[in-house]
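# Remarks on the overall topology
Residues per chain, in single letters:
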Amino acid sequence: MSPQPQAAVGAPLSRVDGRLKVTGKAHYAAEFDVDGVVHAVIVDASIGRGRITSIDTGDAEAHPGVLTVIHHRNAPKLPYRDNSGSNNPPGRRLRVFQDDRVLFHGQPVAVVVATTLEAAQHGASLVEVGYDAEQPSTDLHEATPDKPTNYARGDAEAALRDAAVRLDLTYRTARNHHNPMEPHATIARWDGEKLTVWDKTQWVLGTQTELSTVFGLPMDSVRVISPFVGGAFGSGLRCWPHTIVAAVAARETGRPVKLALSRRQQYFGTGFRPSYEYRLRVGSDRRGRLAAAAHEMDAETSSYETFSETIMPAGQMLYSMPDVSQAYRSVPLDVNTPIWMRGPGFATAAFVIESAMDELADRLGIDPIELRRRNEPSEDESNGLPFSTRRLRECYTVGAREFGWQRRSQRPRSRREGDWLIGMGVAVGAYETQRNQAQARVRLDADGTALVETAASDMGPGTYTSQTQVAADALGLTMRTVTFRLGDSLYPPTPPHGGSQTMASVGSAVLDGCDQVRRQAIKLAVEDRESPLYGVDADDVVVRSGRLHVKNTPSRGETYRSLLTRNKRSHLDALGSYAGAPSPARHSFYAYNATFAEVAVDATLGLVRVRRMLGVYDAGRIISPKLAESQAIGGIVGGIGTALLEHTVTDHRDGRIVNANLADYLVPVNADVPEVQAIYLDGEDREADPLGVKGLGEVVHVGVAPAIANAVFNATGRRIRELPIAVEALL
């Protein structure tokens, strides 16, 4: 069949939901108008570990407007029954209000429900909780790790002993919190034994499954609605305790309940990027050819769940070397469970690996880009598979030219402007191209408009827009005649909105459904004796602006509207699907970048200012250039925060987070954001998925922090092995 004209895909179009957002008509989780809604406020544990010995709710219950106070002594016992059909019991999780144990500071120990938010807030302040407190374990560097997960190829220890040049380096990265603009919130309503929640989530089906499990309900008795998400960065990739609390409160009161976390509660009510201690030993010959690397990683997790992220693959595939060993150890702590945060795993690994590569380049007197070129692999050495595409050499070339890399002096502290030391740095980033099963429902109506529905999410990258672009081109319609809906568990299932998989997975399902509908229409036309297309080979028909016509004879054709009206068809429809990544894998799939940074460091005060940044990306086909530009800017800004500002501080005496607010937990503001440029290499990856995309939401963050750290070294001669970069490290 002739390829469809591509008028929308690849065009720098504005967001289709932009007007809704700027006029306040886009409804977020806490903004839905649900009749009879009452308000809930969680009472948080003030100890980091121990047991509840008493709860005095008398003053709270006597406060005007308070309806009830729910806690472990009066809450219903929840079944936590697995309804997925699996014989495996549900995994370990925090079971709210089910016993007297306190597992971390800030754990929900009660909830106050009242007719107004103010009454609920004041009522929560009146609840008195007594504890038998124990000393919590919250320090990664003093706790006992679990048994390691290991990887090895060759004999890394022997190769390191024989290497002409060796580095033995230890890095530390701070815990980071997501801090999205929209706080997490849930509205829960029961209608008999059916539960509806309006929730901030990146995975409506994941929340639906969790609620089904906790309350022992059939999946179709739970509906989750989340049409807009005001930023998440990974914080919405699971169902958190407050959602369960809201549903419990709604069932107990018989009223719809709204529960919104405060900014402070976000720091222990949802997850975070875990802190790491990461030792890396590297060996090479004197020409810079890598011989071996040994990675030892300790990462924090909670005592009641084991969380891990994909930090190991980068050390296995990023550079060519015969001998590699890795040991990843989770360290259980008395904290809430971490969760994925933008560029999960790969961002942390890149800081370590790319900082070490820069240090090795300096030790050998080799340009950092040249060192990376000398160690470029011809295949994925972790599995022997060819790369689907890997254009890092081109990223280096384009980036060096556009950034003016030739102006960089290899000798640190050699460029100065008044009190400021100037330096340039480079780092590589990679992120796996994830794809998973997805479905999309497509309907073409007789008036020539189309509706596409799928249970995806949109936390800001522009899912509404990019999916509409795919649908418009596949159906041969204009953007304004396609309506795309998402964020409802009643729609066809999709994977989580994270891991840069939405465009590849959901987009491929949308493409399939729209292709099916277009082919139905073409078949109807070529078999209809009254159609101008009667008898034409279906493969010669294309559709443009809602009109079917012969590819090389545009005058011969008719519109969808006339075709369906004449044939008395109210609509055509199809269920599009995408099967996900092929198994067994035939290629190794990653998106890549080369990130360049220029910094200025005050020679006296040690202050770091990022002046310029450039990212060059091998991310496959770009569906929406304007959205891609936005993603790159957002990823780079987030990387600036990781490198220079973001650091969750814990008081290890009781597990309290000291800086649980945006006054003390610093994130980049406009004054911190320099000149930022993004370049996406033209191309596509048809081995990856039908759209040829590789994902870009995650990879744009990976490599930013080490590029800045390497630039700081070039400016000052000081090596940075701990994030964020503190003034003290540069004085």
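Data block above holds the structure.
Rules used in this analysis
Residues numbered from 1 in each chain as written. Predicted model: local features only at pLDDT ≥ 70, side-chain atom pairs only at ≥ 80, totals over all residues. Heavy atoms only, no water. Helix = DSSP H or I, 4+ residues; strand = E, 2+ residues; numbered from the N terminus. Rg over C-alpha atoms; globule rule 2.2 N^0.38 Å. Buried < 20%, exposed > 50% of the residue type's maximum accessible area, 1.4 Å probe, protein only. Areas by Shrake-Rupley, 256 points an atom, 1.4 Å probe, with all protein chains shown as cover. Lys, Arg positive; Asp, Glu negative; His and termini not counted. Charge placed at Lys NZ, Arg CZ, Asp CG, Glu CD. Pairing = 2+ DSSP bridges. Salt bridge = Lys/Arg side-chain N within 4 Å of Asp/Glu carboxyl O. Core = buried A, V, L, I, M, F, W, Y, C linked by side-chain atoms within 4.5 Å. Contact = heavy atoms within 4.5 Å. Axes fitted to C-alpha atoms, helices over the stretch in contact; angles between N-to-C directions.

Attention shifts here to the overall build of the protein chain. Helices and strands together make up the secondary structure of the protein chain, namely 16 helices and 30 strands. Scaling as 2.2 N^0.38, a compact globule of 731 residues should have a C-alpha radius of gyration of about 27 Å, and the protein chain matches this with 27 Å. Taken along its principal axes, the extent of the C-alpha atoms in the protein chain is 80 × 70 × 55 Å. A total of 731 residues make up the protein chain; the buried ones form 62% of that total. Working note: accessible area of the protein chain is about 28100 Å², and carbon and sulfur atoms make up 48% of it. Side-chain charges in the protein chain split into 81 positive and 87 negative, and the spacing between the mean points of these groups amounts to 4 Å.

Across four bridges, strand β21 (residues 541-544) lies against strand β22 (residues 547-550) in antiparallel orientation. Paired with Val-543 across the strands is Leu-548, a residue of β22. Across four bridges, the pairing between β22 and strand β23 (residues 553-559) is antiparallel. Looking at β23, one finds that Val-550 is bridged to Thr-553. Count of turn residues in the β22/β23 antiparallel hairpin: two residues.

Quick look at the pattern of salt bridges now. Summed over the entire model, instances satisfying the criterion amount to 44 salt bridges. As a salt-bridge pair, Glu-210 and Arg-93 come within 2.9 Å of each other at their nearest N and O atoms. On the criterion of sequence distance, the pair formed by Glu-210 in helix α5 (residues 204-215) and Arg-93 in the loop between β3 (66-71) and β4 (101-102) is long-range, its members being 117 residues apart. The burial state of Glu-210 is the same as that of Arg-93; both residues are buried. Taking the shortest distance from any N to any O, the salt bridge between Arg-611 and Glu-417 comes out at 3.0 Å. Note that Arg-611 is positioned in strand β26 (residues 608-618) and Glu-417 in strand β16 (residues 416-417), a separation of 194 residues in sequence. Three or more residues joined by partner-sharing salt bridges are found here, namely Glu-157, Asp-168, Arg-279, Arg-281 and Glu-296.

Attention shifts here to the nonpolar core. Tyr-319, Ile-353, Val-599, Tyr-680, Ile-708 and Ile-725 are the most contacted members of the largest nonpolar core, which totals 95 residues. Ranked by residues supplied to this core, first place goes to helix α9 (residues 346-364) with twelve residues. With residues near it in sequence (within four places) discarded, Ile-725 still touches Ala-643, Leu-644, Ile-708, Ala-709, Val-712, Ile-720 and Leu-730. Met-479, Val-526, Val-550 and Ile-623 belong to the second-largest nonpolar core, a separate cluster that totals 51 residues.

Sheet strands line up and pair through hydrogen bonds in the backbone, either parallel or antiparallel. Ordered in space as β3-β5-β1-β12-β9-β10-β11, the seven strands form an open sheet in which the pairing is mixed. A strand with exactly one partner marks an edge of an open sheet, and here the two such strands are β3 and β11 (222-225). Strand-to-strand, the axes of this sheet are offset by a mean angle of 20°, without reference to chain direction. Bridge count between β3 and strand β5 (residues 108-114): five bridges; the pairing is antiparallel. Bridge pairing in β5 places Val-66 opposite Ala-114. Sheet strands in contact with helix α3 (residues 117-126) are β1 (38-44), β3 and β5, and its direction is about 20° off that of β1. Sheet strands in contact with α5 are β9 (185-191), β10 (194-199) and β11, and its direction is about 145° off that of β11.

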